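Chain by chain, the residues run as shown.
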Amino acid sequence: MAKKPKTPSAQIAANKKASFNYTFEERYEAGIVLQGWEVKALRAGKGQLTDGYVVIRAGELFVIGCQITPLGTASTHVRPDAVRTRKLLMHAAEIRRLIGKVEQRGYTLVPLKLYWKNGRVKCEIALAKGKATHDKRSTIKEREGRREVERAMKQAVR
């Protein structure tokens, strides 16, 4: 039997607001516990992370506010909850490291994206610090500056 060629991981959802509101120190990959209807909805691209955040309860990681909209063809005997709390799966040593950093140094855990890896849904989370207002303003100025340069380059090419 021939092996299946490895396909690049396909992104399901991204948290674009996170890079504006936080500076990222470290990134981690975590598995996520899902129900069957959630997997089907994610295959259809019905996931959203913009309001999501990660909390630590009893030595375990949970993502809150991640919305997975149920499909219209969801089962009749299952009551889908679009924004339920979902457990994240990581090695115990990694979780202990994250707990220490979050409690001592004022970091927070933010979900960045959901993607497929080897047929399973993974969640990329980041150890992040919140940006101050002046940092956000400088980010906006840099972005606008890049846009102006790109516009000028397009005008010069024409």
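These numbers were taken from a predicted model, which means no experiment stands behind them.

Rules used throughout
- Residues numbered from 1 in each chain as written.
- Predicted model: local features only at pLDDT ≥ 70, side-chain atom pairs only at ≥ 80, totals over all residues.
- Heavy atoms only, no water.
- Helix = DSSP H or I, 4+ residues; strand = E, 2+ residues; numbered from the N terminus.
- Expected span 1.5 Å × (residues − 1).
- Buried < 20%, exposed > 50% of the residue type's maximum accessible area, 1.4 Å probe, protein only.
- Contact = heavy atoms within 4.5 Å.
- Core = buried A, V, L, I, M, F, W, Y, C linked by side-chain atoms within 4.5 Å.
- Lys, Arg positive; Asp, Glu negative; His and termini not counted.
- Salt bridge = Lys/Arg side-chain N within 4 Å of Asp/Glu carboxyl O.
- Pairing = 2+ DSSP bridges.
- Polar contact = N/O pair within 3.5 Å; in protein donor to acceptor, adjacent residues only side chain to side chain.
- Phe/Tyr/Trp six-rings, centres within 6.5 Å; stacked < 30°, edge-to-face > 60°.
- Lys NZ or Arg CZ within 6 Å of the ring centre and 35° of its normal.

Participant: If you had to explain helix H3 (residues 92-105) to someone new, which residues and values would you point to?
Facilitator: In this model H3 runs 20 Å from its N-terminal to its C-terminal C-alpha over 14 residues, within 8% of the 20 Å that 1.5 Å per residue would give. Residues of H3 that are buried: Ile95, Leu98, Ile99 and Lys101. The inward-facing, buried residues of H3 abut strand S2 (22-32), strand S4 (53-57), strand S5 (60-64), strand S8 (108-117) and strand S9 (120-130). Following H3 by one or two positions, Gly106 has its phi on the positive side, about 75°.

Participant: Please give an account of the nonpolar core that cites residues and values.
Facilitator: Counting residues in each nonpolar core, the largest one holds 27 residues, and the members touching the most others are Leu61, Leu88, Met90, Leu98, Leu114 and Ile125. With four residues, S9 is the single largest residue contributor to this core. Filtering out sequence-adjacent residues up to four positions away, Leu114 remains in contact with Gln11, Ile12, Ala13, Ile32, Leu42, Leu49, Cys66, Val121, Lys122 and Cys123.

Participant: Before we move on, could you go through the side chain of Lys122 and cite the residues and values that matter?
Facilitator: Considering the arrangement of structural elements, one finds Lys122 in strand S9. The buried charged residue Lys122 lacks any salt bridge, with Glu29 as its nearest oppositely charged partner at 4.9 Å. Aside from chain neighbours lying at most four places away, what touches Lys122 is Glu29, Ala30, Gly31, Lys113, Leu114, Tyr115 and Lys117.

Participant: How would you explain the environment of Pro111 if you had to name every residue and give the values?
Facilitator: For Pro111, the position within the fold is in strand S8. For the pair Pro111 and Ala152, spaced 41 residues apart in sequence, the C-alpha separation works out to 36 Å.

Participant: Outline the environment of Glu25, listing residues and values.
Facilitator: Relative to the helices and strands, Glu25 resides in strand S2. The sequence separation of Glu25 and Leu127 amounts to 102 residues, and the corresponding C-alpha distance is 5.5 Å.

Participant: I'd like a description of the pairing of strand S7 (residues 86-89), backed by residues and values.
Facilitator: In the case of a regular strand, side chains alternate between the two sheet surfaces. Alternating residues of S7 divide into Arg86 and Leu88, all buried, and Lys87 and Leu89, none buried. Bridge analysis of S2 against S7 gives two bridges, and the strand direction is antiparallel. Bridging from a neighbouring strand, Gly31 pairs with Leu89 of S7. In the sheet, S5 pairs with S7 via three bridges, with the strands oriented antiparallel.

Participant: Explain the side chain of Glu124 residue by residue, including any values.
Facilitator: If you trace the backbone, Glu124 turns up in strand S9. The class for Glu124 is buried, based on a relative accessible area of 12%. At 3.1 Å, the side chain of Glu124 forms a polar contact with the side chain of Arg27. Setting aside its immediate chain neighbours within four residues, Glu124 contacts Arg27, Tyr28, Val110, Pro111, Leu112, Lys113 and Tyr115.

Participant: Just give me the short version of the packing of aromatic side chains, but keep the residues and values in it.
Facilitator: Per the counting criterion, the structure on display carries zero aromatic pairs. In this structure, Arg43 packs its charged tip against the face of Trp116, placed 4.3 Å from the ring centre. Geometry around Tyr115 places Lys113 over its ring, the cationic atom sitting 5.5 Å from the centre.

Participant: Requested: an account of unusual backbone geometry, with residues and values cited.
Facilitator: Its identity is not glycine, yet Ala58 carries a phi of approximately 55°, on the positive side. Note that Ala58 resides in the loop between S4 and S5. Backbone geometry places Asn118, a non-glycine residue, at a positive phi of 55°. Here Asn118 shows up in the loop between S8 and S9. Classification of Asn118 by relative accessible area gives exposed; the value is 67%.

Treat this as a map of the structure, not an account of what it does.
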